[in-house]
Amino acid sequence: MQFKFHIMNAKLLFPSNFKIFGFILFIPSLILLLIEYVYSLDFDSYLSLRVFAIYAESIGNNAKFFEIIEDKFMYELVSIGLILGGILINFSKLKNEDEYTMQIRYESLVWATYFNYGALLFFIIFIYGLPFINVVVLNLYSLLIFFMVRFHYKIFLLNKSSKDEK
């Protein structure tokens, strides 16, 4: 017995022009993150700000609650750019959004979730100690990236097959 239902609701997606703003946030943030990891840059030496913290604790200091603290804000800025940019890219409508593209979007999201957590389980089993912190940090962004890559690849294949038919 099969049930027919709408997989995703297009009303929940952002307008298509939000995707441009998503790329403006995502690409520079991804480049900065890659540069930081490849060249072992220390973001702590950049962009120090006073920020409001609900909770903050560091080695050698007592926990602070609801205070203004001095923070090296570069990591936060890169994370905000990656997450907001990824959400805007992934969840903005295509110019020609239809039920088939919604199906591809849904399948890509499910695939990315399985792949992301499969990879995380692999790393939980085989990566130990401080290097695992890198796994956890990269896992913040990997679901969005896996979804983005698979969805746009499938849309590319769909567009290519449509052109080949013409």
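Only a predicted model underlies this, so the values are computations on that prediction, with no experimental measurement involved.

**So, the overall build of the chain**
1) Next: Helix and strand content of the chain: four helices and two strands.
2) Next: In the chain, the succession of α and β elements from N to C terminus is α-β-β-α-α-α.
3) Next: Against the compact-globule benchmark of 15 Å for 166 residues, the chain has a radius of gyration of 20 Å, which places it well outside the compact range.
4) Next: Burial status across the chain gives 26% buried among its 166 residues.
5) Next: In the chain, the proportion of contacts linking residues at least 24 apart, taken out of those at least 6 apart, comes to 71%.

**Things to note about the side chain of E36**
1) Next: Here E36 is to be found in helix α1 (residues 18-38).
2) Next: Buried and unpaired, E36 has no salt bridge, with K72 as the nearest side chain of opposite charge at 14 Å.
3) Next: Polar contacts involving the side chain of E36 include one to the side chain of Y75, which spans 3.1 Å.

**A closer look at the pattern of salt bridges**
1) Next: Evaluation of the coordinates by the stated rule reveals one salt bridge.
2) Next: Residues R105 and E97 are paired through a salt bridge, measuring 3.0 Å at the closest nitrogen-oxygen approach.
3) Next: Residue R105 is classed as buried on the basis of its relative accessible area, which comes to 0%.

**Section: the packing of helix α3 (residues 99-126) against helix α4 (residues 131-165)**
1) Next: Put simply, α3 and α4 touch, their axes get as near as 8 Å, and they point 150° apart. The angle between the axes of α3 and α4 places the two elements in the roughly antiparallel class. Relative to α4, α3 is oriented so that their crossing is right-handed.
2) Next: For the contact of α3 with α4, the class distribution of residues is 17 nonpolar, six polar and four charged.

**Brief notes about α3**
Note: α-helices contain 3.6 residues per turn, so residues at a spacing of three or four share the same orientation.
1) Next: Counted at 1.5 Å a residue, the expected span for α3 with its 28 residues is 40 Å, and the 40 Å between its end C-alpha atoms agrees.
2) Next: Turning to α3, its buried residues number three or more, namely T101, M102, I104, R105, S108, A112, N116 and L120.
3) Next: Buried residues in α3 make contact with α2 (74-90) and α4.
4) Next: With a side-chain oxygen positioned 3.1 Å from the backbone nitrogen of Y100, the residue opening α3 is D98.

**Regarding α1**
1) Next: For α1, which comprises 21 residues, the first-to-last C-alpha distance of 30 Å matches the rise-based estimate of 30 Å (1.5 Å per residue) to within 8%.
2) Next: Taken together, the buried positions of α1 are K19, G22, F26, S29, L33 and E36. Axial view of α1: buried residues confined to an arc of 125°, hence all on one face. Seen from the buried face of α1, the exposed residues on the opposite side, beyond 90 degrees, are I20, I24 and V38.
3) Next: Looking at the buried residues of α1, the elements they touch are α2 and α4.

**As for the nonpolar core**
1) Next: Within the largest apolar cluster, nine residues are counted, these being F26, L33, F43, M74, V78, L82, I89, Y141 and M148.
2) Next: Among the secondary structure elements, those contributing two or more residues to this core are α1, α2 and α4.
3) Next: Per element, the largest residue contribution to this core is four residues, and it comes from α2.
4) Next: Y141 has contacts with L33, S79, L82 and I83, leaving out every residue within four places of it along the chain.
5) Next: Listed in part, the six residues of the second largest apolar core include L94, A112, F147 and I155.

Calculation rules
- Residues numbered from 1 in each chain as written.
- Predicted model: local features only at pLDDT ≥ 70, side-chain atom pairs only at ≥ 80, totals over all residues.
- Heavy atoms only, no water.
- Helix = DSSP H or I, 4+ residues; strand = E, 2+ residues; numbered from the N terminus.
- Rg over C-alpha atoms; globule rule 2.2 N^0.38 Å.
- Buried < 20%, exposed > 50% of the residue type's maximum accessible area, 1.4 Å probe, protein only.
- Contact = heavy atoms within 4.5 Å.
- Lys, Arg positive; Asp, Glu negative; His and termini not counted.
- Salt bridge = Lys/Arg side-chain N within 4 Å of Asp/Glu carboxyl O.
- Polar contact = N/O pair within 3.5 Å; in protein donor to acceptor, adjacent residues only side chain to side chain.
- Axes fitted to C-alpha atoms, helices over the stretch in contact; angles between N-to-C directions.
- Parallel < 35°, antiparallel > 145°, perpendicular 65-115°, else oblique.
- Left-handed = near helix turned anticlockwise from the far one by under 90°.
- Nonpolar A, V, L, I, M, F, W, Y, C, P; charged D, E, K, R; others polar.
- Expected span 1.5 Å × (residues − 1).
- Arc of directions from axis to C-beta.
- Core = buried A, V, L, I, M, F, W, Y, C linked by side-chain atoms within 4.5 Å.

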